[in-house]
Amino acid sequence: MDVTAKLRDGRSRIADLHQAGSYKALFPHGNSKALHSVVLNTAGGVTGGDEFHLTAGAGAGAHLVLTTQAAERIYRAQPGEVGQVRTALSVAAGGRVDWLPQETIVFDHAALDRRLEAEVAPDGRLLIVEPLILGRMAMGEIVESGHLSDRWRIKRAGELVFADNLRLTGAMQGLMSRPAVGAGARALASLLLVAPDADFYLDRLRAVLGEAGGASLIRPGVLFARCRAVDGLVLRRHVIPAIQALSGADIPKTWML
């Protein structure tokens, strides 16, 4: 799926849209000057052998907010099969993209290879928040084994300014129990803000996350944080205020349904 926003008459509107396969984009009505897009996976989840590609961008001065209709589910995969998810974001001069998907829920024996790349103009603004749940506590789910590879590469004006590799493979419950990895947590979230004024949000973000996470200024204009919690509900109690603090706006309505 490809979707881009353009600025026209003071509001962000659809510039280009191409949809194929089970990825669909919905555009709820509202009074916001930003263009809001809700991504829907009609397949109901991702399993081994699946491939999903999303390309999204904001043109000069435009603001695109992307979220998902529901949590994405990564189901059990057959041996040797891996699901692939690729996301490519771009932000033109004076533009803004907020990538705010709901949680990715990983089930036992799931296998996922996920890649996110972005290109941001020097005065552009990019906010990425990716929550991850390894088995839902309320449902009694335990992820004994599986594979998760998650790689981010962010460039600003063609220069690589942020890179992050997260890899969990094998006995995932054992890995998450290690103090240096998850300390028993089942839910994680990664947050990234690339913007000329990102430096000013560091103290605010640390205050919101509290002891649940840590935030660092990687370099001028690049702010990164990761937090963890015992389950998805507790994680949301930290992630939602963090999104509001970094975006200066309410979270997408689908998060509240």
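As shown above, the structure is provided for reference.
How each quantity is defined
Residues numbered from 1 in each chain as written. Predicted model: local features only at pLDDT ≥ 70, side-chain atom pairs only at ≥ 80, totals over all residues. Heavy atoms only, no water. Phe/Tyr/Trp six-rings, centres within 6.5 Å; stacked < 30°, edge-to-face > 60°. Helix = DSSP H or I, 4+ residues; strand = E, 2+ residues; numbered from the N terminus. Buried < 20%, exposed > 50% of the residue type's maximum accessible area, 1.4 Å probe, protein only. Contact = heavy atoms within 4.5 Å. Core = buried A, V, L, I, M, F, W, Y, C linked by side-chain atoms within 4.5 Å. Pairing = 2+ DSSP bridges. Axes fitted to C-alpha atoms, helices over the stretch in contact; angles between N-to-C directions.

Draft legend 1. Fine view of the packing of aromatic side chains. Enumeration according to the criterion identifies five aromatic pairs in this entry. Measuring from centroid to centroid gives 6.3 Å for Trp152 and Phe224, while their planes differ by 85°, and the two rings are edge-to-face. Of the two residues, Trp152 is situated in strand 13 (residues 146-156) and Phe224 in strand 17 (residues 222-229); the sequence distance between them amounts to 72 residues. With respect to burial, Trp152 and Phe224 carry one shared label: buried. Every member of this aromatic cluster is reached through a ring pair, and the members are Trp152, Phe162 and Phe224.

Draft legend 2. Geometry of the environment of Glu211. Considering the arrangement of structural elements, one finds Glu211 in the loop between helix 2 (202-209) and strand 16 (213-219). By relative accessible area, Glu211 is classed as exposed at 86%. Considered as a pair, Glu211 and Cys227 are 16 residues apart in the sequence and their alpha carbons are 8.6 Å apart.

Draft legend 3. Geometry of the side chain of Thr68. Tracing the backbone shows Thr68 in strand 6 (residues 63-68). The class for Thr68 is buried, based on a relative accessible area of 12%. With near-sequence residues (within four places) excluded, Thr68 lies in contact with Val38, Val39, Leu100, Pro101, Gln102 and Thr254.

Draft legend 4. Region of the structure containing the nonpolar core. Ranked by internal contacts, the top residues of the largest apolar core, which has 45 residues, are Leu66, Leu126, Ile128, Ile154 and Leu192. The contacts of Ile128, once residues within four sequence positions are left out, are Leu89, Trp99, Leu116, Trp152, Ile154, Ser190, Leu191 and Leu192. Membership of the second largest hydrophobic core comes to 32 residues, among which are Ala34, Val65, Ala198 and Cys227.

Draft legend 5. Region of interest: the sheet that holds strand 5 (residues 51-58). In spatial order, the strands read 2-1-5-8-11-13-14; together these seven strands make up an open sheet with mixed pairing. Edge positions in the sheet fall to strand 2 (11-18) and strand 14 (159-170), since each has one partner strand and no second. Between one strand axis and the next, the sheet turns through 10° on average, direction left out of account.

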